Amino acid sequence: MSYGFETLAIHAGQDPDPRTGAVIPPIFQTSTYAQDAVGAPRLGYEYSRSGNPTRDALQECLAALEGGTVGLAFASGLAAEDTLLRTVCAPGDHVVIPDDAYGGTYRLFARVAQRWGVDWTAAKVSDPDAVRAAIQPGRTKIVWAETPTNPLLGIADIAALAGIAHEASALLVVDNTFASPYLQQPLGLGADVVVHSTTKYVGGHSDVVGGALITADTALGDELRYHQNAMGAINGPFDAWLTLRGIKTLGVRMDRHCDNAERIAAFLTGHPAVSQVLYPGLPEHLGHEVAAKQMRRFGGMISFRAAGGEEAAVKICNSTELFVLAESLGGVESLIEHPGQMTHASAAGSPLEVPADLVRLSVGIETADDLLADLERALG
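The numbers attached to residues start from 1 for each chain and follow its sequence in the written order. Note on the predicted model: pLDDT of at least 70 is required for a residue's local features to be given, and 80 or more for side-chain atom pairs to be given and counted; whole-chain, interface and lining totals, by contrast, use all residues. In computing side-chain properties, one takes all heavy atoms of the structure into account and sets aside hydrogens as well as water.

Whenever I open this one, the packing of helix α3 (residues 77-88) against helix α8 (residues 218-231) confuses me. Can you help?
For any two helices packed against each other, the geometry comes down to the angle between their axes and how far apart the axes lie. Taken N-terminus to C-terminus, the directions of α3 and α8 make an angle of 115 degrees; their axes are 9 Å apart at the nearest point. You can see that α3 and α8 cross each other, and the crossing is right-handed. Note on element contacts: α8 touches α3 through L220, E223, L224, H227, Q228 and M231, opposite D82, T83, L84, R86, T87 and V88. Looking at side-chain class alone, the contact of α3 with α8 contains five nonpolar, four polar and three charged residues. Inter-axis angles, ranging from 0 to 180 degrees, are taken between N-to-C directions of lines fitted to C-alpha atoms, where helices are fitted over the stretch in contact. Counting from the N terminus, the helices are DSSP H or I runs at least four residues long and the strands are E runs at least two residues long. Each helix crossing is assigned a hand: it is left-handed if the near helix lies turned anticlockwise from the far helix by less than a right angle, otherwise right-handed if that turn is clockwise. In what follows, residue pairs with any heavy atoms lying within 4.5 Å of each other are defined as contacts. Residues were grouped as follows: Ala, Val, Leu, Ile, Met, Phe, Trp, Tyr, Cys and Pro as nonpolar; Asp, Glu, Lys and Arg as charged; and all remaining residues, including Gly, as polar.

This is the structure:
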């Protein structure tokens, strides 16, 4: 039987406990397991780095939500990315990355992976021709995309990039953190691997850090699972349980995030203190038509440029009350930040450097009128 998204979020991997009937999966807070005989672990569980029932429940749910066959949970989004890179790439290989990517992803490529021989080229993922031109035949193993991108909210045409990557015998990896599986399912559009920082919308409550990889390729999934165990950057059972708890309300939360973001984007558009609003839900956004084609709605993330430059942008960030000045995103509470000095400071001086006058909003699920009033005060 085929179930809807919200049903899968509540039930996939989360059958009632067979011993007690508990409707919520237990937290198996254990490091090791009694074995029935030498070489015969019970139900395959021997050590919690290799497998844990609570993490397995989360992994099954993540795979179901993204339409994949294998889901893997990690200690953070970057732990997931690192495991993927070291599974797929070897010294001498090459990766195409967005010229507008999360600062931590840039740092992983530029300061870590490059040191052991994996090269990278930044390209505008909203421009398929630019991505095709950045590919190095025979060397490029991954085309890496974010859509929407962080923090400039660029939109990549997933199906188009999948075709380009596969022509070059490369994998298309899509970071789906900003959209969440509720708004967008890249595997169904041709992507090979989906990456999430489950810290963000998937967990949704700013109380747990985690990451995930999902694929529909069983063979690739087996390789990733091997490296997950060999490298060991798994999340603990309580973190997995918290993430599962957040997932149950993902659909209803995302609808509210989108409702609020649409109102705020409309308010910011044309405001004298704002020179540009970056939100794919606006018809004038360059990626609007592609986003409308591949997303259910347009998400809860908005960036804008302050008309008064960097000083004005910083002042706005320091002046809100309900919008909390903080890094991260995707929680029920609204956040504001200055990417150039916060999440993307590591990209300064690189092709991924962000505009100094940029402000990024993670629009929460509070009463929209209160959020609008808070921004109106801060914008002056």
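Any chance you could explain the packing of aromatic side chains here in plain terms?
Pairs of aromatic rings are described using the distance from one ring centre to the other and the angle between the two planes. Only centres within 6.5 Å qualify two rings of Phe, Tyr or Trp (six-membered ring in Trp) as a pair; their planes then separate them into stacked at under 30 degrees, edge-to-face at over 60, and tilted for everything else. What the rule picks out here adds up to five aromatic pairs. Between Y106 and W120, the aromatic rings sit 5.7 Å apart at their centres with planes inclined by 90 degrees, giving edge-to-face as the arrangement. Of this pair, Y106 sits in helix α4 (residues 103-112) while W120 is found in strand β5 (residues 119-123), placing the two residues 14 residues apart along the sequence. Here Y106 falls in the buried class, since its relative accessible area comes to 7%. Ring centres 6.0 Å apart and planes at 15 degrees place the aromatic pair F238 and W241 in the stacked group. When a residue's accessible area, from a 1.4 Å probe over protein chains only, is under 20% of the maximum for its type it is buried; when over 50% it is exposed; and in between it is partly exposed.

Looking at this structure, I do not really get the sheet that holds strand β10 (residues 274-278). What am I missing?
In sheet architecture, strand pairing relies on hydrogen bonds along the backbone and comes in two forms, parallel and antiparallel. A pair of strands is treated as paired once DSSP finds two or more bridges between them. As summarised here, the arrangement of the five strands in space is β10-β11-β14-β13-β12, forming an open sheet in which the pairing is mixed. Where the open sheet ends on each side, the last strands, each with one partner, are β10 and β12 (324-325). Contacting β10, β11 (301-306) and β14 (358-362), helix α10 (residues 250-268) crosses the sheet at an angle of about 15 degrees to β11.

Can you help me understand the pattern of salt bridges in this one?
The salt bridge criterion pairs a side-chain nitrogen of Lys or Arg with a carboxyl oxygen of Asp or Glu, the two atoms within 4 Å. Per the counting criterion, the structure on display carries 17 salt bridges. We note a salt bridge from R139 to D119, for which the minimum N-O separation is 2.7 Å. Taken together, the residues span a long stretch of sequence, with R139 in the loop between α5 (128-134) and β6 (140-146) and D119 in strand β5 at a distance of 20 residues. You can call R139 partly exposed: its relative accessible area is 26%.

Got a minute to help me understand helix α2 (residues 53-66) in this structure?
Expected span, for any helix, means 1.5 Å times one less than how many residues it has. Taking 1.5 Å as the rise per residue, α2 with 14 residues should run 20 Å; its terminal C-alpha atoms sit 20 Å apart, in good agreement. Where α2 is concerned, the buried positions are P53, T54, R55, A57, L58, Q59, C61, L62, A63, L65 and E66. Pairs of N or O atoms within 3.5 Å make up the polar contacts considered here, provided that, within protein, one atom can donate a hydrogen while the other can accept it, and that residues adjacent in sequence are counted only when both atoms are side-chain atoms. Looking at where α2 begins, the residue whose side-chain oxygen comes 2.9 Å from the main-chain nitrogen of T54 is N52. Two residues or fewer past α2, G67 is found with a positive phi of approximately 70 degrees.

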